[in-house]
Amino acid sequence: MAEWITVGKADDIAEGDATAFDVNGQQIAVSRVEGTLHAFSDICTHRQCNLSLGGEIDGTTIECECHGSVFDMATGEVLEGPATEPIEVFGVSDEGGDLKIEA
Ligand code: FES
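Overview of the structure. Being a predicted model, the structure only gives us computed values, none of them experimental.

### Quick word on the overall build of the chain
Tallying secondary structure elements over the chain gives zero helices and 10 strands in all. Ordered by position from the N terminus, the helices and strands of the chain form the series β-β-β-β-β-β-β-β-β-β. Scaling as 2.2 N^0.38, a compact globule of 103 residues should have a C-alpha radius of gyration of about 13 Å, and the chain matches this with 13 Å. Taken along its principal axes, the extent of the C-alpha atoms in the chain is 40 × 30 × 20 Å. Buried residues in the chain amount to 40% of all 103 residues. Pairs at least 24 apart in sequence give 40% of the contacts found in the chain among residues at least 6 apart. Accessible surface for the chain amounts to roughly 5400 Å². Of this, 43% is attributable to carbon and sulfur atoms. If the 4 positive side-chain charges of the chain are averaged to one point and the 21 negative ones to another, these points end up 7 Å apart.

### Quick word on the sheet that holds strand S3 (residues 26-33)
Taking strand neighbours across the sheet as the criterion, the six strands line up as S1-S10-S9-S4-S3-S2 in an open arrangement whose pairing is antiparallel. Strands with a single pairing partner mark the edges of an open sheet, and in this sheet they are strand S1 (4-9) and strand S2 (18-23). Geometrically, the sheet is characterised by an average inter-axis angle of 30 degrees between neighbouring strands, direction not taken into account. Alignment of S2 against S3, held across six bridges, turns out to be antiparallel.

### Quick word on the nonpolar core
Counting residues in each nonpolar core, the largest one holds 14 residues, and the members touching the most others are Phe 21, Val 23, Ile 28, Val 30, Val 92, Leu 99 and Ile 101. For this core, the elements supplying multiple residues, two or more each, are S2, S3, strand S4 (36-41), strand S9 (89-95) and strand S10 (98-102). Once residues lying within four places of it in the same chain are set aside, the contact partners of Phe 21 are Val 7, Ile 13, Gln 26, Gln 27, Ile 28, Val 30, Leu 99 and Ile 101. In terms of nonpolar packing, the next biggest core, distinct from the first, is built from 13 residues, Ala 29, Phe 40, Leu 51 and Phe 71 among them.

### Quick look at the environment of Glu 3
Mapped onto the elements of the fold, Glu 3 is located in the segment before S1. Here the alpha-carbon distance between Glu 3 and Glu 102, two residues 99 residues apart in the chain, equals 5.3 Å. Other than its neighbours up to four places away in sequence, Glu 3 contacts Asn 24, Ile 101, Glu 102 and Ala 103.

### Description of the side chain of Thr 61
Of note, Thr 61 is situated in strand S6 (residues 61-63). Engagement of the side chain of Thr 61 in a polar contact is seen with the backbone oxygen of Asp 58, the distance being 2.8 Å. Setting aside its immediate chain neighbours within four residues, Thr 61 contacts Glu 56, Val 70, Phe 71, Asp 72, Met 73 and Leu 79.

### With respect to the sheet that holds strand S5 (residues 56-58)
Taken in spatial order, the four strands of this open sheet run S5-S6-S7-S8, and their pairing is antiparallel. Since the sheet does not close on itself, it has two edges, and those belong to S5 and strand S8 (78-80), each with one partner. Between one strand axis and the next, the sheet turns through 30 degrees on average, direction left out of account.

Each value, and the rule that gives it
- Counting restarts for each chain: residues are numbered from 1 in the order of the written sequence.
- Only residues with pLDDT of 70 or above have their local features reported here, since the model is predicted, and side-chain atom pairs are shown and tallied only from 80 upward, although totals for entire chains, interfaces and linings are computed over all residues.
- As a rule here, side-chain values cover all heavy atoms of the structure and leave hydrogens and water aside.
- A run of H or I in DSSP counts as a helix once it spans at least four residues, and a run of E counts as a strand once it spans at least two, with each numbered from the N terminus.
- Radius of gyration: over C-alpha atoms. The globule rule applied is 2.2 Å multiplied by the number of residues raised to the 0.38 power.
- Buried means the residue's accessible area, taken with a 1.4 Å probe over protein chains only, is under 20% of the maximum for its type, while exposed means over 50%, and partly exposed covers the values in between.
- Pairs of residues are marked as contacts when any of their non-hydrogen atoms sit within 4.5 Å.
- Here the accessible surface of atoms and residues is derived via Shrake-Rupley with a 1.4 Å probe, and residues count as covered only by protein chains that are part of the display.
- His is not counted here, nor are the chain ends, while Lys and Arg score as positive and Asp and Glu score as negative.
- Just so you know, the charge point we use is NZ for Lys, CZ for Arg, CG for Asp and CD for Glu.
- Only when DSSP finds a minimum of two bridges between them are two strands counted as paired.
- Fitted lines through C-alpha atoms serve as axes, helices being fitted only where they are in contact, and the angles separating the N-to-C directions of these axes extend from 0 to 180 degrees.
- By convention a nonpolar core is built from buried Ala, Val, Leu, Ile, Met, Phe, Trp, Tyr and Cys residues, the set being connected through side-chain atoms within 4.5 Å.
- Side-chain atoms alone can form a polar contact between residues adjacent in sequence; in general such a contact is a pair of N or O atoms within 3.5 Å, and within protein one must be able to donate a hydrogen while the other accepts it.

Right, dumping it as structure tokens:
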């Protein structure tokens, strides 16, 4: 069952940036776009590159630096291949400055 887990401080997530956390063995990235937090699997569904490492953020999309797959960080949808499978997305919140992920 999913639970809310504190992974750090919400202020540590800079605007337009993504940071990955190990949450119960899952690599989950959190980004901030225009003040809104998004949490999503950090592992590209194409060949398992880490999206937060060098992934280029543009609006709510992130482009994998390995082969250019583009995902929507809010929905997990694939917007451009070669990936064909979406990435999982998670609940995320800023509770009094604590960064919490639902995983
Ligand atoms: S591993 Fe991400 S596009 Fe290939």
